[in-house]
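# What the coordinates show
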Amino acid sequence: MVIRRSGLVLGATAVTLSTIAVAGLVNLPQGQALFRESPKEIVDEVWQIIYRQYVDGTFNQVDWQAVRQEYLKKSYTDKEQAYKSIREMLKKLDDPYTRFMDPKEFKNMQVDTSGELTGVGITIGLDEDTKKLTVIAPLEDTPAFKAGILAKDVITKIDGKSTKGMDTSQAVTLIRGEPGSKVKLTISRNGKEKDYLITRAKIEIHPVDYSLKQTPAGRTGYIRLKQFSANASKEMREAIRDLEKKNVDGYILDLRNNPGGLLFSSIEIARMWLKDGTIVSTIDRKGLVEKEAANGRSLTEKPLVVLVDKGSASASEILSGALQDNKRAVLVGSKTFGKGLVQSVRPLEDGSGVAVTIAKYLTPGGRDINKAGIKPDIKVELSDEQRQNLWLKQRDKLATLQDPQFAKAIEQLKKEIAGTSNIRAERK
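The written sequence of each chain sets the order in which its residues are numbered from 1. For this predicted model, a pLDDT threshold of at least 70 governs which residues receive local features, and a threshold of 80 or more governs which side-chain atom pairs are given and counted, while totals over whole chains, interfaces and linings are taken from all residues. As a rule here, side-chain values cover all heavy atoms of the structure and leave hydrogens and water aside.

Selection criterion: UniProt positions are given in the numbering used here, feature names are shortened, and annotations may be inferred rather than shown by experiment.
Looking at an unreviewed UniProt entry, one finds the chain named Carboxyl-terminal-processing protease and attributed to Calothrix parasitica NIES-267. Checking UniProt for the chain, the heading Function (unreviewed entry) contains the comment "Cleavage of the 16 C-terminal residues from the D1 precursor of photosystem II (PSII). This proteolytic processing is necessary to allow the light-driven assembly of the oxygen-evolving cluster (a tetranuclear manganese), which is responsible for photosynthetic water oxidation." Under Subcellular location (unreviewed entry), UniProt gives the following word-for-word description of the chain: "Cellular thylakoid lumen".

Dropping the structure here:
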């Protein structure tokens, strides 16, 4: 399933191994091949899509017309040969996020809105600089999460097969499988390799957890957003409304290890916290800018502190960037992942598909965070060992004062609440 909201699209920057984890996909018309019989027409159909939509009008300094002639001169006896040529053609763009998916791969990356996933539970992407298969974040309480996979881990092998030159669609095909079956991932972390044997499973995800916490800052509404799925905005709305009824003094929104999700979900959730202001804008190759903004229907104006880390990616960065640039929230933690490219996903006539980078997104303040990430207002770094201990071995300390990032967030929230109280006193 693909999603469209006001023509603004963002995504296909990451693939979750069981589902796609992107900040929104666009539902474009079914691909119209110039001809419908020969595999050669699939090649031309992909070429045409890139020619019309690709973000870089120079096509990575490649003569795209010459590329068309080169690949249409070839003879194709079956679709597999055509698929191979398409992959070769797209590699000339040197863009890990513009990729072709055969029918099986395309089916694998479809967004599952039921909230039930099948796989190991990690979100992956190709590092734009190294072109290495990289973990964006493990989904909480999934097999990969419990095995100890971390954000920024590099997957060097899948069941012993090297991932060098492999795109995310191919990796997904290898890692997915029946629940109960196993897959071995060879992970490189800090220059050292280690094998992880992980059992695949069906994973049910509820994107929002929340609670009322008595903290030094007062009555604190704690909301943990795990993923921007189709029902995330509904659950977020319910959480805020319930906590408002309980008369909280302020909020902690935890986006740590949130790999992203659907674009419209991040926009809807931003509107729950922002009364006015821009949320996100995109720029295409013609320099055209499209913006999404708040709609005056925020659910609360109480002080807000947001927790982020290197596992906060894509839609998480849209939300945190919007809240930071509009001075609606203070960000605490470590620098986010850095995924800021906009893509559309096109289905093709034969059931295959192509993801195309068509633009980049900017935060309200005009920041391009791709590769750079979003820097928190208050930096609280955790080592990989500290993160593993906190998220795996000592989960009872998560979101308590024994959690260093949460403790700093509470400290800041207390200041924000005091500042709000002072303003109210002055107005009286």
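The rest of the description comes next.
### Some details on the overall build of the chain
What counts is decided by this rule: Starting at the N terminus, helices and strands are each numbered in turn, a helix being any DSSP run of H or I of at least four residues and a strand any DSSP run of E of at least two. Think of it in three bands: with a 1.4 Å probe and only protein chains considered, a residue is buried below 20% of the maximum accessible area for its type, exposed above 50%, and partly exposed in between. The contact rule is simple, with two residues in contact once any of their heavy atoms fall within 4.5 Å. Using a 1.4 Å probe, the Shrake-Rupley method yields the accessible areas, and only the shown protein chains count as cover for residues.
For the chain, the helix and strand inventory stands at 11 helices and 21 strands. Per-residue burial over the chain gives 57% buried out of 428 residues. Look at the contacts in the chain between residues 6 or more apart in sequence, and 72% of them connect residues 24 or more apart. Accessible surface for the chain amounts to roughly 18100 Å². Of this, 46% is attributable to carbon and sulfur atoms.

### Things to note about the pattern of salt bridges
Going by this rule: Any Lys or Arg side-chain nitrogen found within 4 Å of a carboxyl oxygen on Asp or Glu counts as a salt bridge.
Within this structure, the stated rule accounts for 26 salt bridges. In this structure, D94 engages K131 in a salt bridge whose closest nitrogen and oxygen atoms are separated by 3.6 Å. Placement of the pair is D94 in the loop between α3 (79–91) and β3 (99–101) and K131 in the loop between β5 (122–126) and β6 (133–138), with a sequence separation of 37 residues. The exposure class of D94 is partly exposed, given its relative accessible area of 47%. K310 is the salt-bridge partner of D384, the closest N and O atoms lying 3.0 Å from each other. Remark: K310 occurs in the loop between β17 (304–308) and α9 (315–325) and D384 occurs in helix α10 (residues 384–393); sequence separation between them is 74 residues. Using a relative accessible area of 18% as the deciding quantity, one classes D384 as buried.

### Topic: the sheet that holds strand β21 (residues 378–379)
Stated formally: For two strands to be treated as a pair, DSSP must find no fewer than two bridges joining them. Angular values range over 0 to 180 degrees, each being the angle between N-to-C directions of two axes fitted as lines to C-alpha atoms, with helices fitted over their stretch in contact.
Taken in spatial order, the six strands of this open sheet run β12-β13-β14-β17-β18-β21, and their pairing is mixed. Single-partner strands in this sheet number two, and they are β12 (208–215) and β21. Two elements, β12 and strand β13 (residues 218–225), share eight bridges in a ladder whose sense is antiparallel. Across the sheet, T215 pairs through a bridge with G218, a residue of β13. Against the sheet, helix α7 (residues 232–245) engages β12, β13 and β14 (250–254), with an angle of about 25° to β12.

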